[in-house]
Amino acid sequence: GYVAAVTLPDGDVLATGGDPDDGIGTCMDASGRACALAQAWRYPAAGGAGAQIAPLQIARYGHRMTVLADGTVLVTGGLGPARLGTAGQVAALGDAELFEWRGAADDPIADLAPLIVRSPADVVRMNGAPEFPCEVIATQ
């Protein structure tokens with residue numbers, strides 16, 4: 001429960017955090033406070049199953065997420081661990097984190113890497129000194 005979700009620029013949905021309590025107290029301390037999750041899931045706009053991606057830095061639930069202009073997600077507040085190593089105890093979080101949801105699968109040219117041919121001599125030189133480490137010299 002208490003998962004936060006936001007629509008990403010590509011139309012997919014990002015869902016993070018949550019309270020994993022199953023209603024029988026397996027994730028609660030004596031005061032009845034539940035623990036929090038750091039998990040993040042990405043659900044494709046086209047439908048189908050979601051995929052688990054890199055987690056949040058801090059486990060939390062009841063938090064807010066806002067997509068920023070550069071595509072990263074600002075995650076703020078919520079409830080999370082009272083302090084490190086204190087299982088089952090939560091406290092209000094007064095922090096924020098930038099969450100980068102993009103991975104290698106989101107790199108628009110990652111699949112072109114096998115098509116790019118490079119050579120050790122593939123260096124732009126000015127006055128005999130290398131200026132740029134590599135340039136594409138041919139594509140297949």
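As the structure is a computational prediction, the values presented were derived from the model and not from experiment.

Right, let's get into the pattern of salt bridges. Tallied over the full model, the rule gives five salt bridges. In this structure, R42 engages D12 in a salt bridge whose closest nitrogen and oxygen atoms are separated by 2.8 Å. In this pair, R42 is assigned in strand 3 (residues 40-43) and D12 in the loop between strand 1 (4-7) and strand 2 (13-16), connecting sequence segments 30 residues apart. The class for R42 is buried, based on a relative accessible area of 13%. Look at D12 and you get buried, because its relative accessible area is 13%.

With that out of the way, let us pick up the nonpolar core. Among the nonpolar cores identified, the biggest contains 16 residues, and L14, M65, V73 and F99 are the most heavily contacted of them. Among the secondary structure elements, those contributing two or more residues to this core are strand 1 and strand 6 (73-76). Excluding anything up to four places from it in sequence, L14 contacts A4, A5, V6, L8, A40, W41, I53, M65, V73, F99 and W101.

This paragraph deals with the sheet that holds strand 5 (residues 64-67). The sheet built from three strands is open, its strands ordered 5-6-9 with antiparallel pairing. Two strands bound the open sheet, and with one partner strand each, they are strand 5 and strand 9 (96-99). Neighbour to neighbour, the strand axes of the sheet diverge by 25° on average, direction disregarded. For strand 6 and strand 9, the ladder comprises four bridges, and the chain directions are antiparallel. In the strand pairing of strand 9, T76 is matched with A96.

Right, let's talk about the environment of G11 for a bit. Structurally, G11 can be placed in the loop between strand 1 and strand 2. On the basis of relative accessibility, which here comes to 31%, the residue G11 falls in the partly exposed class.

Looking now at the sheet that holds strand 2. An order of 1-2-3-4 is seen for the four strands of this open sheet, with the pairing classed as antiparallel. Since the sheet does not close on itself, it has two edges, and those belong to strand 1 and strand 4 (51-53), each with one partner. With strand direction ignored, the average angle separating the axes of adjacent strands in the sheet is 25°. Note that strand 2 and strand 3 share four bridges and pair antiparallel. Across the sheet, the residue bridging to T16 is A40, located in strand 3.

Parameters at a glance
- Residues numbered from 1 in each chain as written.
- Predicted model: local features only at pLDDT ≥ 70, side-chain atom pairs only at ≥ 80, totals over all residues.
- Heavy atoms only, no water.
- Salt bridge = Lys/Arg side-chain N within 4 Å of Asp/Glu carboxyl O.
- Helix = DSSP H or I, 4+ residues; strand = E, 2+ residues; numbered from the N terminus.
- Buried < 20%, exposed > 50% of the residue type's maximum accessible area, 1.4 Å probe, protein only.
- Core = buried A, V, L, I, M, F, W, Y, C linked by side-chain atoms within 4.5 Å.
- Contact = heavy atoms within 4.5 Å.
- Pairing = 2+ DSSP bridges.
- Axes fitted to C-alpha atoms, helices over the stretch in contact; angles between N-to-C directions.

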